[in-house]
Amino acid sequence: KASKVQYYNNPMWPGEAHSLKVENILYQGKSPYQEVLVFESSTYGKVLVLDGIVQLTDKDECAYQEMITHLPLCSIPSPKKVLVIGGGDGGVLREISRHSSVESIDICEIDQLVIDICKEFFPHLSVGFEDPRVQLHVGDAVEFLRNAPEGTYDAIIVDSSDPIGPAQELVEKPFFETIARALRPGGVLCNQAESMWLHTHLIQDMLSICRETFKGSVRYAWASVPTYPSGVIGFLLCAKDGPPVNFLTPVNPIEEVEGATKAGREIRFYNSEMHMAAFVLPTFAKRELEAY
Ligand SMILES: NCCCN[C@H]1CC[C@H](N)CC1
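This is a predicted model, so every value here is computed, not measured. (Residues numbered from 1 in each chain as written. Predicted model: local features only at pLDDT ≥ 70, side-chain atom pairs only at ≥ 80, totals over all residues. Heavy atoms only, no water.)

## Re the pairing of strand β11 (residues 232-239)
Consecutive side chains along a regular strand alternate between the two faces of the sheet. Quick reminder of the rule: When a residue's accessible area, from a 1.4 Å probe over protein chains only, is under 20% of the maximum for its type it is buried; when over 50% it is exposed; and in between it is partly exposed. Helix and strand labels come from DSSP, where a helix needs a run of H or I of at least four residues and a strand needs a run of E of at least two; each type is numbered from the N terminus. Pairs of strands are assigned from DSSP output, requiring at least two bridges between the strands.
Among the eight residues that make up β11, eight are buried, leaving the element largely enclosed by the rest of the structure. Residues V232, G234, L236 and C238 point to one face of β11 and I233, F235, L237 and A239 to the other, with burial holding for every one of them. Of the pairings in the sheet, the one linking strand β9 (residues 183-192) to β11 comprises five bridges and is antiparallel in character. Looking at β11, one finds that V188 is bridged to A239.

Next up, the structure:
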């Protein structure tokens, strides 16, 4: 009998639940950091759930992984050194590897179990780990960034889960300061930035911190991801002071990146028009987010 995965009491979206019909459970376990669940859904393919929160599904992961990667990387002329915080499923790595200008990709993921499970059940995401430019560091990102030499990275992507659990400290000011230090002048950060429908206060706090920490432009973008709460997810784009960055129009359009759309691994969601559209906000969001 198929059951539903329901979770009404998550403080990130009180009183709401999003349920998917479960055809069969493929994996259920616990790491030192979180509960890990993988199941076959009826309509979204395989689903990865951490502590009761949907992280990705076969059907719609492209929206999130492509946008969180190409919004920053297509905003600077020739990204070479990239760091991923989180992202243990490998999807962001898969997207970064489309950029031929990239020479090295560091990834710092705290939970080895997530990496192992995604290699077993989500090969079209974990394929990202096969790129020879990837250096995997399993551990705490705050520690990793503290030891990163100043001005190392052209781009840093924080592909985090929600700030209740292992990702708690990834929305606090000290963390953003270590990111700013690790970026080169004119370097860019892209952060997972929750929902404009549900998390205005959290986004406002992050925007205030980022506007203090990053002297270049700071912008909020968003995309449709049907299996995330409220059906949308935001991205916070920040540029360190230095050569000015205009996030609104891709200076390095993906359509002109040699080999970006390798056969069999087409880009399914992102393109330069979606890039520009992502920064266009509804009136309530302009009011609540742009003033910060
Ligand atoms: N790379 C997997 C996506 C992780 N991103 C988060 C998953 C949980 C959502 N509520 C917010 C985005």
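Now that the structure has been shown, the text picks up again.
## Remarks on the site of the ligand
The following threshold applies: In this text, near means that some heavy atom of the residue lies within 4 Å of the molecule or strand in question. Here a polar contact is taken to be a pair of N or O atoms separated by no more than 3.5 Å, where protein atoms must pair a possible hydrogen donor with a possible acceptor and residues adjacent in sequence count only if both atoms sit in side chains. Here the Shrake-Rupley method, with its probe set to 1.4 Å, supplies the accessible areas, and only the displayed protein chains count as covering residues. Cavity and pocket criteria rest on a 1 Å grid covering protein atoms alone: a 1.4 Å probe that fits but cannot get out defines a cavity, protein on both sides within 12 Å along at least 5 of 7 lines defines an open pocket, and an atom within 4 Å of a point defines a lining residue. Criterion for pocket placement: a molecule counts as inside a cavity or pocket if more than half of its atoms are within 2 Å of its grid points.
Around the ligand, the structure places 13 residues, and the nearest of them are Y64, D89, D159, D162 and Y228. Contacts to the ligand include D89, whose side-chain N or O atom sits 2.7 Å from a nitrogen atom. Measuring from a nitrogen atom of the ligand, one finds a side-chain N or O atom of D159 at 2.8 Å. Considered on its own, the ligand offers 340 Å² of accessible surface; in the complex 98% of this is hidden by protein. Under a 2 Å grid-point criterion requiring more than half of the atoms, the pocket assigned to the ligand is the largest cavity. For the shell around the ligand, the secondary structure elements donating two or more residues are β4 (53-57) and α1 (61-73). A per-element tally of the shell around the ligand places β4 first, with three residues.

## Points about empty space enclosed by the protein
Left-over empty space is what a probe sized like a water molecule reveals as it rolls over the atoms. Selection rule: Grid points are joined across faces, edges and corners, and a volume is the space filled by probe spheres set on the points. Each residue is assigned to one class: nonpolar for Ala, Val, Leu, Ile, Met, Phe, Trp, Tyr, Cys and Pro, charged for Asp, Glu, Lys and Arg, and polar for all the others, Gly among them.
With the rule as written, the count across this model stands at two cavities of 30 Å³ or more. What the largest cavity holds in volume is close to 520 Å³. If you trace the largest cavity, you find 39 residues lining it, with L50, Q55, D159, S160 and S161 closest to the centre. At the level of secondary structure, the elements contributing two or more residues to the lining of the largest cavity comprise β3 (46-50), β4, α1, β5 (81-86), β6 (104-109) and β11. Here the lining of the largest cavity takes four residues from β4, the largest share from any one element. Of the residues assigned to the lining of the largest cavity, the class counts are 20 nonpolar, twelve polar and seven charged. Estimates place the volume of the second largest cavity at around 60 Å³.

Purely geometric stuff here, so don't read any function into it on its own.
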